[in-house]
Amino acid sequence: MKAPKVVIVMPAYNTAKTIRKTYKDIPSEFKKHVIMTDDGSTDESVKVARMLGLTVIRHNKNKGYGANQKTCYKAALKAGADIVVMLHPDYQYPSELIAPMVAMLKTGHYDVILGSRILSGGALRGGMPLYKYIANRLLTFVENLLTGAKLSEYHTGFRAYTRNALKSVNYEQNSDDFVFDNQMLLQLLSRGNRIGEISSPCRYFPEASSINFLRSLRYGIGCLYYGFGYFLGRISRYNNAS
Ligand SMILES: Nc1nc2c(ncn2[C@@H]2O[C@H](COP(=O)(O)OP(=O)(O)OP(=O)(O)O)[C@@H](O)[C@H]2O)c(=O)[nH]1
Ligand SMILES: [Mg+2]
């Protein structure tokens, strides 16, 4: 059987200082197809990515993290990816773990794999600020109740998808901001995709974290808003079926 084509996408915004390290740690078998989509960075992100030999796509102005991912996925699917891995180029997540994530998808038991910073305590060990950790746990608790899923977190940016999983959702209609990640998971769940998790360490340092308290708050409110929307959808499906 033909080996699946794995494409790694990196949504970048001012990550010139970290992209090299992030790329270096990618297992060599996956280094061939890496796309960096640059969201109007004002630093040398594009120059560094080109030096590394990555495929670079540019937004000529800053459109937002969600808009950036839309460009990532469109490009990866167009490139014929069977598996798409999103890896933040800010060196927050361990690139090495792409290998087990892809291996889990290859078993055919899952459609999506998340790198969870909560399983095995990677978040606090990696220096996640306490307020983000508490918010993560509370939002996850509420979202699991609303969706009926049992995920350890909905907020990781380290994700691997099969082509079919990506194509099963209309991600183009999602927000251009950070809440895109959450909407995407809700869409994947509503389409019946099987989501698996592996534990993932993470690193917090200034270049790996630009989202501040106010933006985090806006993100949290967005998660609850869309989570309740999902819950209402569940109730109406239940009523229609009975
Ligand atoms: N397109 C786009 N990407 C961004 C923007 N801000 C950050 N990013 C990228 O999105 C990724 C995540 O951004 P972070 O600020 O680290 O947010 P986070 O990882 O969700 O939150 P932390 O847990 O605080 O690290 C990084 O790869 C950034 O390069 C932005 O305004 N636009
Ligand atoms: Mg980060």
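Look up a bit, the structure's there.
These lines cover the structure that appears in this document, whether it is placed above or below. (Residues numbered from 1 in each chain as written. Chains lettered and ligands numbered in written order. Predicted model: local features only at pLDDT ≥ 70, side-chain atom pairs only at ≥ 80, totals over all residues. Heavy atoms only, no water.)

## Section: the overall build of the protein
Convention followed: Where helices and strands are cited, they refer to DSSP runs of H or I of at least four residues and of E of at least two residues respectively, numbered from the N terminus. Our radius of gyration is a C-alpha quantity, and the globule rule it is checked against amounts to 2.2 Å times the number of residues to the power 0.38. When accessible area is computed with a 1.4 Å probe and restricted to protein chains, residues below 20% of their type maximum are described as buried, those above 50% as exposed, and intermediate ones as partly exposed. Residue contacts are counted whenever heavy atoms from the two residues lie within 4.5 Å of one another. Per-residue and other accessible areas follow the Shrake-Rupley method at a 1.4 Å probe size, with only the shown protein chains counted as cover for residues. Charged residues are defined here as Lys and Arg on the positive side and Asp and Glu on the negative side; His and the ends of the chain fall outside this count. For this purpose, a charge sits on NZ of Lys, CZ of Arg, CG of Asp or CD of Glu.
If you tally the helices and strands in the protein, you get nine helices and seven strands. A compact globule built from 242 residues should have a C-alpha radius of gyration of about 18 Å, and the protein, at 17 Å, falls within 12% of that. Taken over the C-alpha atoms alone, the protein extends approximately 60 × 45 × 35 Å along its principal axes. Taken over 242 residues, the protein has a buried fraction of 55%. Across the protein, the fraction of contacts at a sequence separation of at least 24, relative to all contacts at a separation of at least 6, is 75%. In the structure as shown, the protein presents an accessible area of about 11,600 Å², 57% of it carried by carbon and sulfur atoms. Looking at the protein, you have 32 positive and 18 negative side-chain charges, and the mean spots of the two groups are 3 Å apart.

## Regarding unusual backbone geometry
The backbone of Asn14 shows a phi angle near 55 degrees, a positive value even though the residue is not glycine. A residue is classified by how much of its surface remains accessible, and Asn14, at 30% relative accessible area, is partly exposed. One non-glycine residue, Tyr91, adopts positive backbone phi at about 65 degrees. Mapped onto the elements, Tyr91 comes out in the loop between strand 4 (83-86) and helix 4 (98-106).

## Considering the packing of helix 8 (residues 180-190) against helix 9 (residues 213-241)
The line we're drawing: What counts as an axis is a line fitted to C-alpha atoms, over the stretch in contact for a helix, and the angles between N-to-C directions run from 0 to 180 degrees. Any angle that is under 35 degrees is reported as roughly parallel, and any over 145 degrees as roughly antiparallel; angles of 65 to 115 degrees are reported as roughly perpendicular and all others as oblique. Crossing handedness is read from the near helix: turned anticlockwise from the far helix by less than a right angle, it gives a left-handed crossing, and turned clockwise, a right-handed one. Classification used: nonpolar for Ala, Val, Leu, Ile, Met, Phe, Trp, Tyr, Cys and Pro, charged for Asp, Glu, Lys and Arg, polar for all others including Gly.
As a packed pair, helix 8 and helix 9 sit with axes 9 Å apart at the nearest point and diverge in direction by 20 degrees. Between helix 8 and helix 9, the interaxial angle falls into the category roughly parallel. Handedness of the crossing formed by helix 8 with helix 9: right-handed. Between helix 8 and helix 9, the contacting residues are Asn182, Gln183, Leu186, Leu189 and Ser190 on the first element and Tyr219, Cys223, Tyr226, Gly227 and Tyr230 on the second. Considered class by class, the residues forming the contact of helix 8 with helix 9 number six nonpolar, four polar and no charged.

Treat this as a map of the structure, not an account of what it does.
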